[in-house]
Structures are given as structure tokens and as C-alpha cells.
Amino acid sequence: KTFKYKDGNLFRKGKQVGWVKKPNNKQYLAIMYKYKEYYVHQIVYLMHYGYIPKVIDHIDGNGLNNNIANLRACTQAQNCQNSKKRKDNSSGVKGVYWNTTRQKWIADFIFNGQR
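First, a word on what this report is: a plain description of the structure on this page.

### Focus on the pattern of salt bridges
Side-chain pairs of opposite charge can arise where the charged atoms are in close proximity.
Argument step 1. What the rule picks out here adds up to two salt bridges.
Argument step 2. In this structure, Asp57 engages Arg72 in a salt bridge whose closest nitrogen and oxygen atoms are separated by 2.9 Å. Pair noted here: Asp57 is in strand β7 (residues 56-58) and Arg72 is in strand β8 (residues 71-73), with a separation of 15 residues, a long-range link.
Argument step 3. According to the relative accessible area criterion, Asp57 is buried, its value standing at 3%.
Argument step 4. For Arg72, a relative accessible area of 30% corresponds to the partly exposed category.
Argument step 5. Note that Asp108 and Arg115 form a salt bridge whose closest N and O atoms lie 2.8 Å from each other.

### Topic: the pairing of strand β5 (residues 27-33)
As a general feature of sheets, a regular strand has side chains that alternate between the two faces.
Argument step 1. Of the pairings in the sheet, the one linking β5 to strand β6 (residues 36-39) comprises four bridges and is antiparallel in character. Within the sheet, the bridge partner assigned to Ala30 lies in β6 and is Tyr39.
Argument step 2. Taking the residues that link successive antiparallel strands as the turn, the β5-β6 hairpin has two residues, and the phi of Lys34 there is positive, at about 50 degrees.

### Things to note about helix α1 (residues 40-49)
Argument step 1. All of the buried residues along α1 are Val40, His41, Gln42, Ile43, Val44 and Tyr45.
Argument step 2. Check the buried side of α1 and you find it contacts β1 (3-6), β2 (9-12), β5, β6, β7 and β8.
Argument step 3. Once α1 ends, the next one or two residues include Gly50, with phi positive near 85 degrees.

### Section: the packing of aromatic side chains
Argument step 1. Under the counting rule described, the total for this entry stands at three aromatic pairs.
Argument step 2. Between the aromatic rings of Tyr45 and Tyr49, the centroid separation amounts to 4.5 Å while the plane-to-plane angle is 40 degrees, which identifies the pairing as tilted. Of this pair, Tyr45 and Tyr49 both sit in helix α1, separated by four residues, roughly a single helical turn.
Argument step 3. Its relative accessible area of 6% is what places Tyr45 among the buried residues.
Argument step 4. The partly exposed category is assigned to Tyr49, whose relative accessible area is 47%.
Argument step 5. Here the aromatic cluster, defined as three or more aromatic residues joined through ring pairs, consists of Tyr45, Tyr49 and Tyr51.

### Digging into the side chain of Asn70
Argument step 1. Mapped onto the fold, Asn70 is located in the loop between β7 and β8.
Argument step 2. Apart from residues lying up to four places away in sequence, Asn70 is in contact with Asp57, His58, Ile59, Asp60, Asn62 and Asn65.

Criteria and cut-off values
Residues numbered from 1 in each chain as written. Predicted model: local features only at pLDDT ≥ 70, side-chain atom pairs only at ≥ 80, totals over all residues. Heavy atoms only, no water. Salt bridge = Lys/Arg side-chain N within 4 Å of Asp/Glu carboxyl O. Helix = DSSP H or I, 4+ residues; strand = E, 2+ residues; numbered from the N terminus. Buried < 20%, exposed > 50% of the residue type's maximum accessible area, 1.4 Å probe, protein only. Pairing = 2+ DSSP bridges. Contact = heavy atoms within 4.5 Å. Phe/Tyr/Trp six-rings, centres within 6.5 Å; stacked < 30°, edge-to-face > 60°.

Right under this line is the structure:
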């Protein structure tokens, strides 16, 4: 076995893997293996379930928490529904924003491809 898992941490050759910061400013733990970069959550999921799904959601929204109980396979839509509110959100509610042109609060969301 190349990797060992313990309490949400992945180890390779006895050392814990490091993290990388991605262009979208999300932080994920990642490792190079056979000249390819893998996210730690992908490897942890593979070790427990035997496959790497297309989308893996961190249930608590923390990309550094790779405890298997915090990971779930999901669709991209489900992953977006579990996203946190934006930092520039002034309403305090996800999907609600102030429209300066109309001088009104607007609630906006998409469900099953419908706005």
C-alpha cells in the first residue's frame, strides 16, 4: 500500500501530505502520484469505496477536512447547493442580493436548471 489513512489525514511513506492553493482560492490537500496530481479527498474516498466519483463534496464546506464521514459523492448541482454564501453578500442570506438599478432586494436561485 502506498498510502495510509488515519482520522482524516493521509500519509505517504510515513509523512503527512501537504496542501496546495488553487486559483479559485479554495484550499485542498493534494499529492503527486505517478506524475499526476490527486486531491487527498479523492484518494481517501477511493481507499474506502473503491472508486473516485466525478464530484466529491466536503459536507462541512472545509476543503481541508478529509475525514471520510465528511465526504460524499454527489452531482455538481448538489455540490453547489451545499456552497457557502459569498463573502461579498450584504444580505446575510444565500441567493439574496441588492439590485442597485431597481433599488430592491432580489432573491435569485436555480433549481433543476430553472431560474
